[in-house]
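# Residue-level structural notes
Chain by chain, the residues run as shown.
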Amino acid sequence: MAEWIASGTWVEIHRIVLRPGERAPQIPEDTKAVPLEMRVKGFLAEPAALGEEAEIVTSAGRPLRGTLSAVNPAYTHGFGPPIPELSNIGQEVRAILRKPPGAA
Amino acid sequence: MEESYAAIMAQRPEIMRASVGIDYAKYATGLLAFDYERLLTDTGYDIDTVRAVQSAAAVGNTPLVELHHITALIRTIATPGKGARVFVKDEARNPSGSFKDRRASLSIHEAKKRGYAGVVAATSGNYGAAVASQAAKAGLRCMIVQEAFDSQGIAQPEIEEKTRACEAYGAEVMRLSVGPELFYVFLCVLKETGYFNASLYTPYSILGIETLGYEIAVQTQAQAGRLPDVVIATHAGGGNVTGTARGLKKAGAVDTVVVAASVDLSGLHMASDRDFNRKSFTTGHTGFSVPFTTWPDRADVPRNAARSLRYLDRFVTVTQGEVFYATQVLAELEGLERGAAGNTSLAAAFAIARELDEEQIVVVQETEYTGAGKHPIAQLNLAKRMGIELRRGDPRENKPGRRIVIPEHPAQIAVADIDVESLRRLYLQRALESVPAGTVLSDADLTFFADETRTTRTHVEEILHALHRKTG
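Just so you know, these numbers come straight off a predicted model, no measurement behind them.

Turning to the overall build of chain A, a few remarks are in order. When you go through chain A residue by residue, the secondary structure sums to three helices and six strands. The linear arrangement of helices and strands in chain A, starting from the amino end, is β-β-α-β-β-β-β-α-α. Its C-alpha atoms give chain A a radius of gyration of 25 Å, clearly above 13 Å, the size a compact globule of 104 residues would have. Across its three principal axes, chain A shows a C-alpha extent of roughly 75 × 40 × 30 Å. The buried share among the 104 residues of chain A stands at 38%. Averaging the positions of the 11 positive and the 12 negative side-chain charges in chain A gives two centres separated by 10 Å.

This is how it looks when you write it as structure tokens:
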């Protein structure tokens, strides 16, 4: 049995806004082949289980329904490893500035 | 979304009128012509009023910083006597970290004055954070609608950071997958909430940027004893170029050359799910600037107050690799770690300052904040993940979506000019396509086109004649 998430928990809901057949006529084929999806975070209005229909109240105070997709979802963006192609630029330009005027 | 795509799109005019409080129809002076200046002046905001509103919101009055080391670096690659002084307007010092606070502050002030309970903006960029920040300060509810992730669920890291920032300011963020139907969702939300449309393209949004051009003129005069010879503005939707140019003129800098600079993303489709995460820039690129220059009214309001073709003296592009290089140089030579998209105009400055005389002044018109996601390292790691080749070399070998080439030497940075006359022709062609074939255009329309293209009626008529259409 799925675990129930308590009301008041910060969650994300997901919903399909437009199915592939409903998409705007002018868009490229690769985009037309996939649905238009929506994800919004808010506080769970009533207890619900992951993957089930749920209602949230958003930060704007608005009720919104969708499928409960995540509980307290993380911000996963960061930096990642340094980029070697950028690492030497500082040394290079400082070396250019150290050269006497007119030197090759 | 309780109503269908077609049903909501059919209600667009009424929803727009209710959400911006401007009856755009009353400014029409011809079939396509409208009174642009009156649309702006009817708001009642002159430059001093805007400055007062922004000062109360802690927006603007950012430092103008002379980039001594970058100027010296440029002079090592210039011929003797050449290499203008380069200054940057450090707009990252605004409350939410970009010049977008100027646009948001006036929109939020107007929304508050008109008694709206909240504001909505459709934006995946810095503007969302700016609207959310200003709304928080004004005590208004805020919703931001973003195009944020592709069909694989991969979020653009820069947009993910913007999601976080907007949520930090207490805004609701509606994140959508790729597609222009974002506008349908946006209209649904405006109708449901009755909130103010804090569009990037209302008169408020453009008047809010005039202070940036104004401050640049005043500060350059005070710090360097002369007005700027060239101001370079990163160009996307046209607001930055339009507002800055108008502000410069209001401060008396009528001879300053305004250069619009964009990152070249040619070949990548802006509505393509596949291309979405193959762009290492989410703004300041040709995917926005070219269509918005030639067709400004494609915006989310009936009449776009950002009309860059009226103001730009020159339009140039730089490559993604050149902008990442300039970003690294700014950090390591000037101690300013700033976001890449805002440094588009800095990359262009390397090439433009090199051709000017030593006593001349180039002002790079903005910086933006940087951080997790919104950083060259994050963007280039995503590029690698998407299979894009990354290497040092000649930036002319850059290929958007396929290969990013970081220059090996500052002398390799160059700008590519976009022919403004070809943009004027595209503008007029688009205008003609928007009316039924055989339509006779009025005197007012032809005069309007002359203003829009910054040419003469005779020139407009010549182009129209060449387009083989009857113009009356």
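All right, on to the interface of chain A and chain B then. Listed by partner, the interface residues are 46 residues for chain A and 64 residues for chain B. The junction of chain A with chain B conceals about 4500 Å² of combined surface from both sides, 61% of it contributed by carbon and sulfur atoms. Our enumeration of links across chain A and chain B arrives at eight salt bridges. B:Glu192 is the partner of A:Arg62 in a salt bridge, and the nearest nitrogen-oxygen pair spans 3.0 Å. Connecting chain A to chain B are 24 residue pairs in polar contact (both at pLDDT 80 or more). At the level of secondary structure, the elements contributing two or more residues to the side of chain A that touches chain B comprise β2 (10–18), α1 (29–32), β3 (36–44), α2 (84–87) and α3 (89–98) of chain A.

All names here are of chain A. Burial along strand β5 (residues 53–57) is one-sided: Ala54 and Ile56 are buried, while Glu53, Glu55 and Val57, pointing the other way, are not. Both β3 and β5 contribute to a ladder of two bridges, which runs antiparallel. Looking at β5, one finds that leucine 44 is bridged to isoleucine 56. Note that β5 and strand β6 (residues 63–71) share five bridges and pair antiparallel. For glutamate 53, the partnering residue across the bridge sits in β6 and is threonine 67. The turn linking β5 back onto β6 is made up of five residues, and glycine 61 within it adopts a positive phi angle of 85 degrees.

Quick look at the sheet that holds strand β7 (residues 230–234) of chain B now. All names here are of chain B. In space, the seven strands of this open sheet follow the order β1-β2-β10-β7-β8-β9-β13, with mixed pairing throughout. Strands at the two margins of the open sheet, each flanked by one partner only, are β1 (64–66) and β13 (416–417). Judged from the three bridges that link them, β1 and strand β2 (residues 85–89) form a sheet pairing that is antiparallel. Following the sheet pairing, leucine 64 is matched in β2 by lysine 89. Sheet contacts for helix α10 (residues 203–224): β1, β2, β7 and β10 (361–364); angle to β2, the most-contacted strand, approximately 135 degrees. Strand contacts of helix α11 (residues 239–250): β7 and β8 (257–263), with the helix running at about 155 degrees to β7, the strand carrying the most contacts.

What follows is about the confidence of the model for chain B. For chain B, the mean per-residue pLDDT works out to 95, and 99% of the residues sit at or above 70. Here the complex is predicted with pTM 0.96, and the ipTM for its interfaces comes to 0.95.

Moving on, we come to the pattern of salt bridges. Residue and element names in this part refer to chain B. The final tally for this structure, using the stated rule, is 46 salt bridges over all chains. The residue arginine 310 makes a salt bridge to glutamate 452 at a minimum N-O spacing of 2.5 Å. Residue arginine 310 is located in the loop between α12 (286–294) and β9 (314–318), and its partner glutamate 452 is located in helix α17 (residues 443–453); the two are separated by 142 residues in the primary sequence. We note that arginine 310, like glutamate 452, is buried. Where salt bridges share partners, they join Asp297, Arg303, Arg307, Arg310 and Glu452 into one cluster.

Here we take up the packing of helix α7 (residues 126–138) of chain B against helix α8 (residues 157–168) of chain B. All names here are of chain B. The geometry of α7 relative to α8 is characterised by a closest axis approach of 8 Å and an angle of 5 degrees between their N-to-C directions. Here α7 is positioned roughly parallel relative to α8, judged by the angle of their axes. Across from Asn126, Gly128, Ala129 and Ala132 in α7, the residues of α8 making contact are Lys162, Ala165 and Cys166. A per-class count over the contact of α7 with α8 returns four nonpolar, two polar and one charged.

A few words on the packing of aromatic side chains. Two aromatic rings are characterised by how far apart their centres lie and by the angle between their planes. Scanning the entire structure with this criterion turns up twelve aromatic pairs over all chains. Considering the side-chain rings of B:Tyr201 and B:Phe292, the 5.1 Å spacing of their centres and the 20 degrees angle between planes classify their relative orientation as stacked. Of this pair, B:Tyr201 sits in the loop between β6 (196–197) and α10 while B:Phe292 is found in helix α12, placing the two residues 91 residues apart along the sequence. Above the face of the B:Phe149 ring, A:Arg39 is positioned so that its terminal group lies 5.5 Å from the ring centre. One Lys or Arg, B:Arg430, reaches over the ring of B:Trp295 and ends 4.4 Å from the middle of that ring.

Residue and element names in this part refer to chain B. With a phi close to 65 degrees, alanine 58 is a non-glycine residue in the positive phi region. Note on placement: alanine 58 falls in the loop between α4 (47–56) and β1. Here alanine 58 falls in the exposed class, since its relative accessible area comes to 52%. In this structure, arginine 454 is a non-glycine residue whose phi angle is positive, near 55 degrees. Here arginine 454 shows up in the loop between α17 and α18 (457–466).

About the cut-offs
Residues numbered from 1 in each chain as written. Chains lettered and ligands numbered in written order. Predicted model: local features only at pLDDT ≥ 70, side-chain atom pairs only at ≥ 80, totals over all residues. Heavy atoms only, no water. Helix = DSSP H or I, 4+ residues; strand = E, 2+ residues; numbered from the N terminus. Rg over C-alpha atoms; globule rule 2.2 N^0.38 Å. Buried < 20%, exposed > 50% of the residue type's maximum accessible area, 1.4 Å probe, protein only. Lys, Arg positive; Asp, Glu negative; His and termini not counted. Charge placed at Lys NZ, Arg CZ, Asp CG, Glu CD. Contact = heavy atoms within 4.5 Å. Buried area = accessible area lost by both parts, 1.4 Å probe. Salt bridge = Lys/Arg side-chain N within 4 Å of Asp/Glu carboxyl O. Polar contact = N/O pair within 3.5 Å; in protein donor to acceptor, adjacent residues only side chain to side chain. Pairing = 2+ DSSP bridges. Axes fitted to C-alpha atoms, helices over the stretch in contact; angles between N-to-C directions. pLDDT = per-residue confidence, 0-100. Parallel < 35°, antiparallel > 145°, perpendicular 65-115°, else oblique. Nonpolar A, V, L, I, M, F, W, Y, C, P; charged D, E, K, R; others polar. Phe/Tyr/Trp six-rings, centres within 6.5 Å; stacked < 30°, edge-to-face > 60°. Lys NZ or Arg CZ within 6 Å of the ring centre and 35° of its normal.

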